[in-house]
Amino acid sequence: MPEPRIRILVADDHAIVREGLRALIGTEPGLELVGEAADGEEAVIKARLLQPDVVLLDLVMPRKDGLAALGEIVRDKPSVRVVVLTSFAEADRVIPAIKAGAAGYLLKDSSPQDLLRAIHDVSVGEASLHPAIARKVIDEMHRQQTTQNAAETLTPRETEILGLVAQGRTNQDIAGRLSLSERTVRTHVSNILAKLHLSNRTQAAAYAIQEGLAPAPDD
C-alpha cells in the first residue's frame, strides 16, 4: 500500500513563483499540490476547504497579508503546518510569524532541496528554519531573557517612573507628580534604559505596556 502523499497548498501573489513551486512539487513522488492561492484571503479560504497538510505561504500579499492569513489558518486547523516562504529576513517579520504558529521559515533564495526537506520535516512535526532565521530566533530569545532578568533589577521607583513614561508623560510631568527634580527623573530614566538594554523612551514605553506595567494607549 503506497504511503499517503503530503497535501500542499501554495499561497503567493506572484504567478511565476506559484508556477515554479508547482513544478518542484511535481518532481517529488510523496507530495501532492492540492491548490494555489494568489492572496491572503484566498489562502485562508482554500486552506479551510482543501484541508492541506502543509501550506507554503508568502508574507506580503494583497487583500490579507501573510501574517494575518497565517494566524487564521492555524486557528482554523491547528494541525496544519505552515512554512513561510518569503524574501524578508528581518526580525520584525520573522518573530511575529514564528509566534503566530509558523512551523517553518525559509527565504526564497533557499535551494529546491532545502524546500523539499522543509516540507517533509514539518509534515512530521519538526521545525524548519533557514540558518539566518534560526540565528534571529535565538538572538530574540536571548534578548527577551536578558531583558526579563534585567527588569528584576529595577527599583520600585524606577518601575513607577517606567509606567509613567509609558503613559507619555514628560520628565517635567513625572517630576511634578512624584515631587522630584527633573534632573533626578532624567537620571532614573537613563538608569531604566541601561538596565533594560533599551535605546529610547519609545522602546521603554512599549516594554512597559507589554509587561503590564502601564495600560495600552487605547485602554
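The structure reproduced in this document is the subject of the present report.

Rules used throughout
- Residues numbered from 1 in each chain as written.
- Predicted model: local features only at pLDDT ≥ 70, side-chain atom pairs only at ≥ 80, totals over all residues.
- Heavy atoms only, no water.
- Axes fitted to C-alpha atoms, helices over the stretch in contact; angles between N-to-C directions.
- Helix = DSSP H or I, 4+ residues; strand = E, 2+ residues; numbered from the N terminus.
- Parallel < 35°, antiparallel > 145°, perpendicular 65-115°, else oblique.
- Contact = heavy atoms within 4.5 Å.
- Salt bridge = Lys/Arg side-chain N within 4 Å of Asp/Glu carboxyl O.
- Buried < 20%, exposed > 50% of the residue type's maximum accessible area, 1.4 Å probe, protein only.

1. Some thoughts on the packing of helix α7 (residues 156-166) against helix α10 (residues 201-210)
Two elements in contact, α7 and α10, have axes whose closest approach is 8 Å; the angle formed by their N-to-C orientations is 105°. Considered as vectors, α7 and α10 are oriented roughly perpendicular to each other. Touching Leu162, Val165 and Ala166 of α7 are Arg201, Ala204, Ala205, Tyr207, Ala208 and Ile209, all from α10.

2. Some words on the pattern of salt bridges
If you walk through the whole model with that rule in mind, you get 12 salt bridges. A salt bridge links Lys108 to Asp12; its shortest N-O distance comes to 2.8 Å. Taken as a pair, Lys108 in the loop between β5 (104-107) and α5 (112-123) and Asp12 in the loop between β1 (6-11) and α1 (15-26) lie far apart in primary sequence, 96 residues in all. Among the residues examined, Lys108 registers a relative accessible area of 30% and is labelled partly exposed. Among the salt bridges present, the one from Glu36 reaches Arg18, with a minimum N-O distance of 3.4 Å. Of this pair, Glu36 sits in strand β2 (residues 31-37) while Arg18 sits in helix α1, placing them 18 residues apart in sequence. With relative accessibility at 18%, the residue Glu36 sits in the buried group. On the basis of relative accessibility, which here comes to 15%, the residue Arg18 falls in the buried class. Connected through shared salt-bridge partners, Asp12, Asp58 and Lys108 make up one network.

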